[in-house]
Structure formats: structure tokens, C-alpha cells
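Residue-level listing of the chains:
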Amino acid sequence: MSYSTEQLSDLQLIRDCADRYCRGVDRLDEALMKSAYWQDATDDHGVYVGNAMTFAEMCMVSHLKWRSTSHCILNHAIELDADGVHARGEIYNVTYLFQADADVLDTWHGRYLDRYEKRNGEW
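Residues numbered from 1 in each chain as written. Predicted model: local features only at pLDDT ≥ 70, side-chain atom pairs only at ≥ 80, totals over all residues. Heavy atoms only, no water.

Enquirer: How do you make sense of unusual backbone geometry when you look at a structure like this?
Expert: Leaving glycine aside, a negative phi is the common case for residues, and trans is the common case for peptide bonds. Here Leu28, not a glycine, exhibits a phi torsion of approximately 50 degrees, which is positive. We classify Leu28 as partly exposed; its relative accessible area is 34%. The phi dihedral of Asn120 falls on the positive side, at around 50 degrees, and the residue is not glycine. With respect to the secondary-structure elements, Asn120 resides in the segment after strand S5 (105–117). Its relative accessible area of 86% is what places Asn120 among the exposed residues. (Buried < 20%, exposed > 50% of the residue type's maximum accessible area, 1.4 Å probe, protein only. Helix = DSSP H or I, 4+ residues; strand = E, 2+ residues; numbered from the N terminus.)

What follows is the structure in C-alpha cells.
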């Protein structure tokens, strides 16, 4: 498949959103994590379903039980819709969470199923 220059840019900008999410949650940087979402976005992490801004705020507290985390995202498949402003993504992830109070490394494996929207030229 061939892509236009704009589509290639869109694909990279969408990947940047996913990277900001991971960096934000790993560094407990609330503003960075929130920058991956629109203000009215919804997040469904299974244990939490609701406003993404509230989810980010919750993560800043709930992730304090780990001394460090590392969200590793792999195989980020993105499908751009023909309208040029919507896309869907599927990302496999492995997350390493080093407990704060014990020398224990927790490992989570999962998949993110995302919907992206371009507003005023920004994903």
C-alpha cells in the first residue's frame, strides 16, 4: 500500500500520541499523559471506564505502589479512515512494574484498542 505524505504524517502523529501516553504514565507526568487524549475522551482499562482525564489523575496515585514502570508498546497497527480525521489502532504491550516496597517485578501483557480523532489538524 502506498501512502500520501499527509497520511504518513498522520501515522507518525498517532504513534506520538501512544508514546506520550506511555512516557506520561511511566514518569508520572500527568500533563504529558493527558496530552495523549482529547478533554472529552473515554478510557476503558477494564478496571476503569470513564473520562480519560480522570483516569490519568487516578494513575498518578495508583502507580505510586511501583518504584518504576516501563510500558513497552509493540506492533502498533493503525488504520486511517477515508475521511482523514478518524483512525483505529491496535497495540500489543508488555509493561514491567517494579514494586516500591519489595524486590518484585510484576509483568503485564495486554493490547490497546484505540480510536483516534484529528481535530483542527491535530491528532
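Enquirer: Can you walk me through the nonpolar core in this structure?
Expert: Side chains of nonpolar character tend, in soluble globular proteins, to be buried together. One finds Tyr21, Met33, Tyr37 and Phe55 to be the most contacted residues of the largest nonpolar core, which totals 23 residues. Where this core is concerned, the elements lending two or more residues are helix H1 (5–26), helix H3 (52–62), strand S4 (86–99) and S5. By residue number, the principal contributor to this core is H1, which donates seven residues. Beyond its immediate sequence surroundings of up to four residues, Tyr37 is in contact with Tyr21, Asp43, Ala52, Met53 and Phe55. (Core = buried A, V, L, I, M, F, W, Y, C linked by side-chain atoms within 4.5 Å. Contact = heavy atoms within 4.5 Å.)

Enquirer: When you look at the layout of surface pockets in this model, what are you seeing that I'm missing?
Expert: By rolling a water-sized probe across the atoms, one finds the places where empty space is left. Its volume calculated, the largest pocket comes out at about 880 Å³. The wall of the largest pocket is formed by 27 residues, among which Tyr37, Ala41, Thr42, Asp114 and Arg115 lie closest to the centre. Counting residues per element, the ones that place at least two in the lining of the largest pocket are H1, strand S1 (42–44), S4 and S5. At seven residues, the largest contribution of residues to the lining of the largest pocket is made by S5. (1 Å grid on protein atoms, 1.4 Å probe; cavity = no way out; pocket = protein on both sides within 12 Å on 5 of 7 lines; lining within 4 Å. Points joined across faces, edges and corners; volume = space filled by probe spheres on them.)

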